[in-house]
Structure formats: C-alpha cells, structure tokens
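Structural characterization, general
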Amino acid sequence: MSLVERQDLIDTESLAWSGGMGSVGDYIALLKPRVMSLVIFTAFVGMMLAPGHIHPVLGVVALLCIAIGAGASGALNMWYDSDIDRIMSRTQKRPIPAGKVSREEAFAFGITLSIGSVVTLGLLVNWFAGAFLAFTIFFYVIVYTMWLKRSTPQNIVIGGAAGAFPPMIGWAAVTGNVSIESFVLFLIIFIWTPPHFWALALFKCGDYKAAGVPMMPVVAGETSTRNQILGYSVLLAPLGVSPWMLGFAGSFYGVASAVLGLVFLGLAFQVWRVREGDAARKATIRLFSFSIFYLFMLFALLLAESLVMGL
Amino acid sequence: MTGEEKGIKLTEEQAKRRRARSVAIALTLGALVLLFYVVTIVKMGPQIMSRPL
C-alpha cells in the first residue's frame, strides 16, 4: 500500500487532532524539575569533592548533561507510568494524565534527551562519565520503572540506586573513575531513600493501593514498614558521619552530621512508636519533610567545607 | 488538492503552542552550537594560536 492510498483512507472531515497541545512548560514538567535540582546539587558536590581539576566550562557542561539525563529519565518514567499516574492524586496533574502531552511525544522527548545528554557528556567531558550516565538512565527506566516498581515492594530500595548515582557521575566527570569516597556519597543517598519514600508511602498508602503499586505499606503492612524505616535510619545515622570518619570531611561536618543523624533517628523512632490516628500521620509527614532537609544539609556541609578548604 | 483541504488541521491554540515549542527547540540548538564552539576553544587552549602552518 502506498502512502497516497493510506492518505486517502483518512477521513478528512474529522481531522481534529488531540496531540500537540503541550506548552514549553509542560515539556519542562516532564523533566521533573524538583528531582532534577537535587540531582544537580548532589552531582555538583561530587564534582567539588573529587581530587583533581576540571575546567569550569567543562564542569558546567557535565552538570548540564547529568541534569538533562536525569530529566530524560523522568520523562521516560512518566511515559511508562501514565496509566498509574492517572489514578494517584499526587501524579494526576502530570502532563500526560492531564492530556497536555501524548505518550508518544513524551517517549520521543525522553529518548532524544537521553541520547543527547549521554553523547554530549561523553564527547565533551569523558566517556566513563557518559557511560555511567547511560547506565543510570537505563537503571531508572528499565530496572526501576519497567521492572521493579510494579513487581516488588523492594522497588524503591533497589531502584533508589539510580537516584544515588549522580554524585558518583559528578566525581567521574572530574577524575574519569570512581573511588571509595564517591561510593560513600552513593551509599548515603541509597540508604536514605527507603525511609524517605516509605514515610511518603505511609501517608499516601491509599494512592499506591488504588494504582496497584506494591509499595511496602501496601504489601507488608504498616507495622513492617515502620520497623524497616527504623532499621534503615539506624544504618543511615552513622553512614552520614562516615565522610568525616574516612577523612574526606572535616570535624564541623562530623559534629553537624551526627546531630542531624540523631534527629533523623528520633523522628524515625516517633514513626515507629506512634501508629494510630492523626499523630501517626503527622509523625510520618515530619520524617518525610526532615529527610529532604537532612540530605540537603549533609551535601551542603560537604560542599561548604570543600569550598572553605579550597580558599 | 490544496494543503488546506487535506491533512491534519491544527486549532489556533495548537498552532500557537507549536510555534512556542519551535522557538524553544531553535534556542536549544543555538545554545548547543555555542556550547560546542566554546568547549572546542577550551579544549584546544592556548595551543590554538601556535600550530605549525
């Protein structure tokens, strides 16, 4: 069948097309800008802590590529998850469920940016960092979004690795390899992810249940989730101090991270202890909010110390 | 056959949004060209002026 014949089959009287309604802002929303900002920040800290030197222009290019790569992962995540995003109140206003961007448009956008960011990082900075970024996108889209998210309550535990890689990629952009220090930065975010997400899942449990996503509170119950939140928090508190113990952060960081870790642990204990009513809900919201502040502060302190040391 | 009679017809809003997206894509491509130019200069460094003819 030729293209001309195919054209003739189209009913020209009803050619109203629902696509093409996405504004520039809708496409920016596909990149999950809030997640992207955390990725840029942690990658920047990884770059600043890395030994050696990178030209500032190449540093900006590396950060831009890591940010775009993370955004592309977000767009591909929204492409694949558009069916469950329609159900959950937290995600209903995303561009695809809101009918502003079609799934095909989001897919094309995500793939184009993925390839573009990886190739640009490889060509302009180094291919190890480029390959690492490609692996991170693969891990987030294929391993987490397409495989783990709908099949196991351990989804965000394993999938959390994708969100923990950016400081390692930032480090790799400077040094061309990875090291124990960058792995510790990875581990902090990796171990931080379960208590952070499960605190959210505890007060959004109904959403995940309705969408059929096997988050820990849905599958194992709230009691088991609270136990595991406390368990991961016990691991996280000393891990947060480990950059100082391993000698790549100063004593100010050591003291501050210990205090922050104790507060985290205290809030996780509250979530574990208070299990009924409005007080329980408030405890989970408090832990969720503080977990964002905690991670931001650890990396901000590492950054501040590296800047002060460099003066 | 004229273009106005056949094919997908965009509404006024769709055409407006497509124009905005096209401008954004053009600006992005322009920024990429500039980026590759600047990085080329950065990578060549001062040696760019002392190459044998």
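Residues numbered from 1 in each chain as written. Chains lettered and ligands numbered in written order. Predicted model: local features only at pLDDT ≥ 70, side-chain atom pairs only at ≥ 80, totals over all residues. Heavy atoms only, no water.

Digging into the domain arrangement of chain A
Residue and element names in this part refer to chain A. One can read the domain layout of chain A as domain 1 (25-178) and domain 2 (186-311). Look at where the C-alpha atoms of domain 1 and domain 2 centre, and you get two points 22 Å apart. The partner domain 2 presents 29 residues to the 29 residues of domain 1 that form the contact. Surface buried jointly by domain 1 and domain 2 totals about 2500 Å² across both partners, of which 79% is contributed by carbon and sulfur atoms. Contact with domain 2 buries surface across domain 1, with Phe 41, Pro 153 and Ile 156 losing the most and accounting together for 22% of the total. At the boundary of domain 1 and domain 2, one finds zero salt bridges. The interface formed by domain 1 and domain 2 contains two residue pairs in polar contact (both at pLDDT 80 or more). Where the side of domain 1 that touches domain 2 is concerned, the elements lending two or more residues are α3 (33-49), α8 (155-164) and α9 (166-175). If you tally residues by element for the side of domain 1 that touches domain 2, the top one is α8, at eight residues. Considered class by class, the residues forming the side of domain 1 that touches domain 2 number 18 nonpolar, eight polar and three charged. (Domains from an automatic or database assignment. Contact = heavy atoms within 4.5 Å. Buried area = accessible area lost by both parts, 1.4 Å probe. Salt bridge = Lys/Arg side-chain N within 4 Å of Asp/Glu carboxyl O. Polar contact = N/O pair within 3.5 Å; in protein donor to acceptor, adjacent residues only side chain to side chain. Helix = DSSP H or I, 4+ residues; strand = E, 2+ residues; numbered from the N terminus. Nonpolar A, V, L, I, M, F, W, Y, C, P; charged D, E, K, R; others polar.)

A closer look at the UniProt feature "transmembrane region" (unreviewed entry) in chain B
Under the feature "transmembrane region" (unreviewed entry), the UniProt entry names residues 23-42 of chain B. For the annotated span residues 23-42 of chain B, helix accounts for 100% and strand for 0% of the residues, and the straight-line distance between the end C-alpha atoms is 28 Å. (UniProt positions renumbered as here; feature names shortened; annotations may be inferred.)

Overview of the packing of aromatic side chains
Residues and elements named next belong to chain A. This model, assessed by the stated rule, comprises 21 aromatic pairs over all chains. Ring geometry for Phe 128 and Phe 132: centres 6.1 Å apart, planes at 75°, overall edge-to-face. In this pair, Phe 128 and Phe 132 both sit in helix α7 (residues 127-148), four residues apart, roughly one turn of the helix. When its relative accessible area of 37% is taken as the criterion, Phe 128 is described as partly exposed. Their ring planes at 85° and their centres at 6.1 Å tell us that Phe 139 and Phe 165 sit as a pair that is edge-to-face. (Phe/Tyr/Trp six-rings, centres within 6.5 Å; stacked < 30°, edge-to-face > 60°. Buried < 20%, exposed > 50% of the residue type's maximum accessible area, 1.4 Å probe, protein only.)

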